[in-house]
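Observations on chain architecture
Chain by chain, the residues run as shown.
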Amino acid sequence: MQRNESALIVRHAPPEAVAAAIVTLHGGHELSRRTAHPWQPAALRMLPVLRAAAAALPPDVLLGQVHYRYQGWNDADPAHDALQALDELQRLAGTVPTVLVGHSMGARAALRAASHPLVRGVLALAPWCPPQDSARHLGGGRLVVLHGDRDHVTPPAESADYVRRAREAGARAGLVLVRGGDHAMLRRSGDWHRATTEIVARILQPDPDSEGLAARACAADGAVFL
């Protein structure tokens, strides 16, 4: 399902060799064939998230965003876009460790694309994780879900179930609940951003499971609260 235009928007390209990459995926609608644009509100919401994700990382990390064809999930269209963006990233920068950071529908797409060889791990923000979505392909991967406990759009309980299924598949997976957090990540936005900074930096470390919020979440029997 290729297309002529690029599926990868590069927000920052290191002047020298790329050591790693962070790629964001924004939210959308269940069904819509309307053209997606990088200036629509859902996409703009991810720009401060991308800055937060890069805050503790050196300048040799490429920062990118998936450019969807459509605003809706439809037939997993954003997941196909994500895979194409990762292929483009590999041609551009080589086989660099990559963290996908997705919100809502974008998190669902990131989880679908997590089997791509570039992907070191996924940070799923308020993800859309319907029960029919498989987690078997995540075996051996890393997943941290950050979800507001007052999210009335995507249920935190479905995130918890997805984390459970990811663990059963062999993934290092954990759930962090933001007390009072909403779906738009506006309430306690500073805490969302600080957690994003820490988790992404830790996923890219050689020993990501040794310490920090992500390690605590992956080791916990249930959710860790923020």
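Here the structure is a predicted model, which is why all the values come from computation and not from measurement.

Cut-offs applied
Residues numbered from 1 in each chain as written. Predicted model: local features only at pLDDT ≥ 70, side-chain atom pairs only at ≥ 80, totals over all residues. Heavy atoms only, no water. Core = buried A, V, L, I, M, F, W, Y, C linked by side-chain atoms within 4.5 Å. Buried < 20%, exposed > 50% of the residue type's maximum accessible area, 1.4 Å probe, protein only. Helix = DSSP H or I, 4+ residues; strand = E, 2+ residues; numbered from the N terminus. Contact = heavy atoms within 4.5 Å. Axes fitted to C-alpha atoms, helices over the stretch in contact; angles between N-to-C directions. Parallel < 35°, antiparallel > 145°, perpendicular 65-115°, else oblique. Nonpolar A, V, L, I, M, F, W, Y, C, P; charged D, E, K, R; others polar. Salt bridge = Lys/Arg side-chain N within 4 Å of Asp/Glu carboxyl O.

**Looking at the nonpolar core**
- Grouped together as the largest cluster of nonpolar side chains are 43 residues, with contacts concentrated most on Leu25, Leu89, Leu100, Val122, Leu138 and Leu143.
- Breaking this core down by element, the ones donating at least two residues are strand 2 (20-25), strand 3 (61-66), helix 3 (77-93), helix 4 (105-112), strand 5 (119-125), strand 6 (142-148), helix 5 (156-168) and strand 7 (172-178).
- Each residue touching Leu25, except ones within four places of it in the same chain, is listed here: Met46, Val66, Tyr68, Ala82, Leu100, Val101, Gly102, His103, Gly106, Ala107, Ala109 and Ala110.
- Among the nonpolar cores identified, the runner-up in size contains 31 residues, and Val99, Ala195, Ala201 and Leu204 belong to it.

**So, the packing of helix 6 (residues 189-203) against helix 7 (residues 212-219)**
- At a minimum axis separation of 7 Å, helix 6 and helix 7 run at an interaxial angle of 80 degrees. Taken together, the axes of helix 6 and helix 7 lie roughly perpendicular to each other. Side by side, helix 6 and helix 7 meet where Ala195, Glu198, Ile199 and Arg202 of the first sit next to Gly212, Leu213 and Ala214 of the second.
- By residue class, the composition of the contact of helix 6 with helix 7 is 4 nonpolar, 1 polar and 2 charged.

**Considerations on the pattern of salt bridges**
- A full pass over the atoms with the stated rule returns 13 salt bridges.
- Linking Arg188 and Asp191 is a salt bridge whose minimum nitrogen-to-oxygen distance equals 2.9 Å.
- Salt-bridge contacts for Arg194 lead to Asp191; the nearest nitrogen and oxygen are separated by 3.0 Å. Here Asp191 and Arg194 lie together in helix 6, a separation of 3 residues that amounts to about one turn.

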